[in-house]
Amino acid sequence: MNAEQGDLYRLLVWTSPSYPIGAFSYSHGLEWAVEEGSVDDVQSLVDYIGAVLERGGAWVDAVLFAQAHRNGHDEARLDHISELATAFRASAETALEARQQGAAFLLVTRRAWPHPLLDAFAARHENIAVTHCVTMALACAAHGLPLVTSLAAFLHSVAANLVSAGVRLVPLGQTDGQIALATLADVVSRATAAAMTTDIDDLGTASPALEFCSMHHETQYTRLFRS
């Protein structure tokens, strides 16, 4: 396997639904959006996920992913970015989603794909919360995976997980799910390009409806997902 194939293989593994970080158990507020009726077909599902990617939590993660990747060898700067990532959450459930996946990703990746940078980061954060976007970005930087490809793969995994949740919740057919993913390709591309050129001091969100859904999900009577 050449270097390019090795890079692709790592990204496919790390963003696979089978990677044991529990991504399947989170919906990022989508479960409430379905419950109250604002997401009920393919287009409304695409609109919801597009908002997550370009204006909501995944947008924040995308910018911080790019920053963490670029600063993977600068411990002080990386730790600052990690601290910001754990704080930059609009609700308790999105914080849980990011932190539990982050801890799980770091744990399994250190065992299966070890690297001194990952070990050092884990040692510095032994009792400190970490997020998925930062731990995956660090793993990609440590193993020499290109930023733009890594970031696009990360955002695709977010979109794919939410599409999978939507297919189960609405419910939609599997073909509808693939239509949603195909439609979201341009959104992932735009979000990737924008995050690559956004300064951390300009980072912000504009997604009150998403935050509303996440907060209401905390007290939703019947729930299949953790967020």
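Note that residues are indexed from 1 along each chain, following the sequence as it is written. Selection of residues for local features in this predicted model requires a pLDDT of at least 70, selection of side-chain atom pairs for listing and counting requires 80 or more, and totals for whole chains, interfaces and linings are taken over all residues. Hydrogens and water molecules were not included; the side-chain quantities draw on all heavy atoms of the structure.

Can you help me understand helix α7 (residues 116-124) in this one?
Owing to its 3.6 residues per turn, the α-helix brings residues three or four apart onto one side. Throughout this description, buried means an accessible area under 20% of the type-specific maximum (1.4 Å probe, protein chains only), exposed means over 50%, and partly exposed covers the range between. Where helices and strands are cited, they refer to DSSP runs of H or I of at least four residues and of E of at least two residues respectively, numbered from the N terminus. Every buried residue of α7 is listed here: Leu117, Leu118, Phe121 and Ala122. All buried residues of α7 lie within an arc of 135° about the axis, which places them on one face of the element. Of the exposed residues in α7, the ones pointing more than 90 degrees away from its buried face are Pro116 and Ala123. Directions pointing from the helix axis toward each C-beta atom define the arc.

Explain helix α3 (residues 42-55) to me, please; I cannot follow it from the model alone.
By this rule the span expected of a helix is its residue count minus one, scaled by 1.5 Å. Compared with an ideal rise of 1.5 Å per residue, which puts 14 residues at 20 Å, α3 spans 19 Å between its outermost C-alpha atoms and is within 8% of the ideal. Buried residues dominate α3, accounting for 10 of its 14 residues. Three or more residues of α3 are buried, namely Val42, Ser44, Leu45, Val46, Tyr48, Ile49, Gly50, Ala51, Val52 and Leu53. We call two residues in contact when some of their heavy atoms are within 4.5 Å. At its buried positions, α3 is contacted by α2 (30-36), α4 (57-70), α9 (147-169), α10 (174-183), α11 (185-196) and α12 (208-217). We define a polar contact as two N or O atoms separated by no more than 3.5 Å, with the added condition that, inside protein, one atom must be a possible hydrogen donor and the other a possible acceptor, whereas residues neighbouring each other in sequence contribute only through side-chain atom pairs. The backbone nitrogen of Gln43 lies 3.4 Å from a side-chain oxygen of the residue at the head of α3, namely Asp41.

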